[in-house]
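Reading the structure
Residues per chain, in single letters:
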Amino acid sequence: MKTKSERIQKLFSKEDGRTVIIPMDHGVMAVMEGLEDPLISLKKFVNLGAEALLINFGILKLAHNFLNSLKNRPGIIMGIDYNQMWSKWKLPLENSDCILGHCLTARIEQAVKYDVDAVKVYFPLGLEPKLSMEYLEHTCEIIAEADKYNMPVMVEPTTDGQYIPKDKKGDPKIIADGCRLALELGADILKAPYPEHTIENKEVFANICSNSHVPVVMLGGAKKDGTKGIFETARYGIDAGAKGTIFGRNVWQRPVEEMERVLKGLQDIVHKGATVNDVMSKYKLS
């Protein structure tokens, strides 16, 4: 059986210990622009040199033979849970765009069978108390089961709950508390949002990275119109101590040619120390 350290190392570059991960697990929400054909998308990101991919079990099964055929397979993180959300365009509920429930979609045994390198669990903060406790128990159960198989668990603490006001969604102290709770529960990797950028907030994020003693990778969130903000977030976070990025919609919800340039720009920032202006100029982005 592989050790947990061996699995985690597969997700990060051997040269600098950093990573550019592409999350492709959004299909459980809807057919997403940019991921219409998941196998074509997966092969595209492999060819572009992403260190790791985040996919759900169904796509893992479909891509298994292709991935096994590769001499240098990227790291694979498997999403392991489903979160029921109503969006306003689907149903005009009073509490639209909120989390209604969750369940497991795969088991650790499946992750081991398909030789993935980590599993990922969603951990939203600010939910109503009963649902919050369900998520807590759910996360603990996954971590306990994964530990039997030396399977790393990436935990994603977010501020998505409806009891966190919109003006507090980027509050670095709430993000820090969520990361600490995830760490206390046994997270091996943290997938965390970078707070709204100020010098003080950057210091809080730096403390999250240094005090967690596990790798922290930054999530990208909703798609931004331009590319400069994406690169700034990546640069700020790497400078603060993050080990990489896990940006999805801000990469693949763009025209293919632009998407490739954005991904290369992120790779330059994460692995080569490039500045925002460097990549904006080099890849002719705006």
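The following refers to the structure shown. Computed from a prediction, not measured in an experiment: that's the story for all the values here.

What follows deals with the pattern of salt bridges. Enumeration according to the criterion identifies 17 salt bridges in this entry. Taking the shortest distance from any N to any O, the salt bridge between aspartate 268 and lysine 272 comes out at 3.6 Å. Here aspartate 268 and its partner lysine 272 are both found in helix H10 (residues 256–272), 4 residues apart, which amounts to about one turn of the helix. Given the relative accessible area of 62%, lysine 272 is considered exposed.

The next thing to look at is the environment of alanine 187. By secondary structure assignment, the location of alanine 187 is in the loop between helix H6 (172–185) and strand E8 (189–193). A C-alpha to C-alpha distance of 9.6 Å links alanine 187 and lysine 120, two positions 67 residues apart in sequence. If we ignore the near neighbours within four places in the chain, the residues touching alanine 187 are Ile143, Val153, Val155, Ala182 and Val214.

Ranked by internal contacts, the top residues of the largest apolar core, which has 71 residues, are Ile22, Leu42, Leu53, Leu60, Val119, Phe205 and Phe231. Among the elements that take part in this core, H10 stands out by supplying 6 residues, more than any other. With residues up to four places along the chain from it excluded, the contact list for isoleucine 22 reads Phe45, Ala50, Ala52, Leu53, Leu54, Phe247, Val251, Trp252 and Leu263. Residues Ile8, Ala52, Leu54 and Ile246 belong to the second largest nonpolar core, which totals 13 residues.

A word on the side chain of aspartate 81. Here aspartate 81 lies in strand E4 (residues 81–85). At 3.2 Å, the side chain of aspartate 81 and the backbone nitrogen of tyrosine 122 are in polar contact. Setting aside anything within four residues of it in sequence, one finds aspartate 81 in contact with Cys103, Leu104, Thr105, Lys120, Val121, Tyr122 and His138.

Another point: unusual backbone geometry. Phi angles above zero are rare outside glycine, and asparagine 150 is one such case at about 55°. Tracing the backbone shows asparagine 150 in the loop between helix H5 (129–148) and strand E7 (153–158). Unusually for a residue other than glycine, lysine 284 sits at a positive phi of about 55°.

Before going further, it helps to examine the pairing of E8. Most of E8 sits inside the fold, with 5 of its 5 residues counted as buried. Residues of E8 alternate between two faces, with Ile189, Lys191 and Pro193 on one and Leu190 and Ala192 on the opposite face, all of them buried. The sheet contact formed by E7 and E8 spans 2 bridges and is parallel. Counterpart to valine 155 in the pairing with E8 is leucine 190. Considered for its hand, the β-α-β crossover made up of E7, H6 and E8 is right-handed. Pairing of E8 with strand E9 (residues 216–219) involves 4 bridges; the strand directions are parallel. Within E9, the position partnered with lysine 191 by the bridge is valine 217. Taken together, E8, helix H7 (residues 199–212) and E9 constitute a β-α-β crossover, and its handedness is right-handed.

Read around the closed barrel, the 8 strands follow the order E1-E2-E3-E6-E7-E8-E9-E10; overall the barrel is parallel. Ignoring strand direction, the axes of neighbouring strands in this sheet form an average angle of 25°. Most of the contacts of H7 go to E9, to which it runs at about 145°, and overall it touches E8 and E9.

About the criteria used
Residues numbered from 1 in each chain as written. Predicted model: local features only at pLDDT ≥ 70, side-chain atom pairs only at ≥ 80, totals over all residues. Heavy atoms only, no water. Salt bridge = Lys/Arg side-chain N within 4 Å of Asp/Glu carboxyl O. Helix = DSSP H or I, 4+ residues; strand = E, 2+ residues; numbered from the N terminus. Buried < 20%, exposed > 50% of the residue type's maximum accessible area, 1.4 Å probe, protein only. Contact = heavy atoms within 4.5 Å. Core = buried A, V, L, I, M, F, W, Y, C linked by side-chain atoms within 4.5 Å. Polar contact = N/O pair within 3.5 Å; in protein donor to acceptor, adjacent residues only side chain to side chain. Pairing = 2+ DSSP bridges. Right-handed = clockwise from strand over helix to strand, strands pointing away. Axes fitted to C-alpha atoms, helices over the stretch in contact; angles between N-to-C directions.

All quantities given are derived from atomic positions and should not be read as evidence of function.
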